[in-house]
Amino acid sequence: TQLAIEAFRQLIRDYPSSDKIDEAAYQIAEICRENLQDYQRAICWYECVLAWEPQSQLPVNYRLAQIYDKNLVNRLAALNYYQRALQQTPRGSSEHRDIQKRIDKLRGK
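Presented here is an overview of the structure given in this document. (Residues numbered from 1 in each chain as written. Predicted model: local features only at pLDDT ≥ 70, side-chain atom pairs only at ≥ 80, totals over all residues. Heavy atoms only, no water.)

Side note on the overall build of the chain
Reasoning step 1: Counting its regular elements, the chain contains six helices and zero strands.
Reasoning step 2: Ordering the α and β elements of the chain from the N terminus gives α-α-α-α-α-α.
Reasoning step 3: For a compact globule of 109 residues, the expected C-alpha radius of gyration is about 13 Å, and the chain comes in at 15 Å, within 12% of that figure.
Reasoning step 4: Judged by the C-alpha coordinates and their principal axes, the chain covers about 50 × 25 × 20 Å.
Reasoning step 5: In the chain, which comprises 109 residues, the share counted as buried stands at 39%.
Reasoning step 6: Intrachain contacts of the chain at a sequence separation of at least 6 include 44% that bridge at least 24 residues.
Reasoning step 7: Looking at the chain as shown, the accessible area adds up to about 6,600 Å², and 49% of this sits on carbon and sulfur atoms. (Helix = DSSP H or I, 4+ residues; strand = E, 2+ residues; numbered from the N terminus. Rg over C-alpha atoms; globule rule 2.2 N^0.38 Å. Buried < 20%, exposed > 50% of the residue type's maximum accessible area, 1.4 Å probe, protein only. Contact = heavy atoms within 4.5 Å. Areas by Shrake-Rupley, 256 points an atom, 1.4 Å probe, with all protein chains shown as cover.)

Description of the nonpolar core
Reasoning step 1: Ranked by size, the top nonpolar core spans 33 residues in total, and within it Tyr46, Leu64 and Tyr82 carry the most contacts.
Reasoning step 2: Secondary-structure elements contributing two or more residues to this core are helix H1 (2-14), helix H2 (21-34), helix H3 (39-52), helix H4 (60-71), helix H5 (75-88) and helix H6 (94-107).
Reasoning step 3: It is H2 that contributes the most residues to this core, eight residues altogether. (Core = buried A, V, L, I, M, F, W, Y, C linked by side-chain atoms within 4.5 Å.)

Have a look at this one:
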């Protein structure tokens, strides 16, 4: 796990202008979230993805929403990221419906 994180960090350090650094940051965030349950660190890396590639097609906003919703219990932040994720998700898809249901639940509807 730490070896993978270090490999992705090395890629970011060695190739800071690469169009792949956002994907490397995403992979680090996923490792931090899934394997380490280090949610604050995952948030930092997901935010790097958004900083480096604001139009990223990776599910960064959805992951951030889930962390704030389920792990950190920050309703306002979760709503913010769920709304962003909803805009990136194809209308009519099951994921779109699931996100909308969660938004409605958090809003008390």
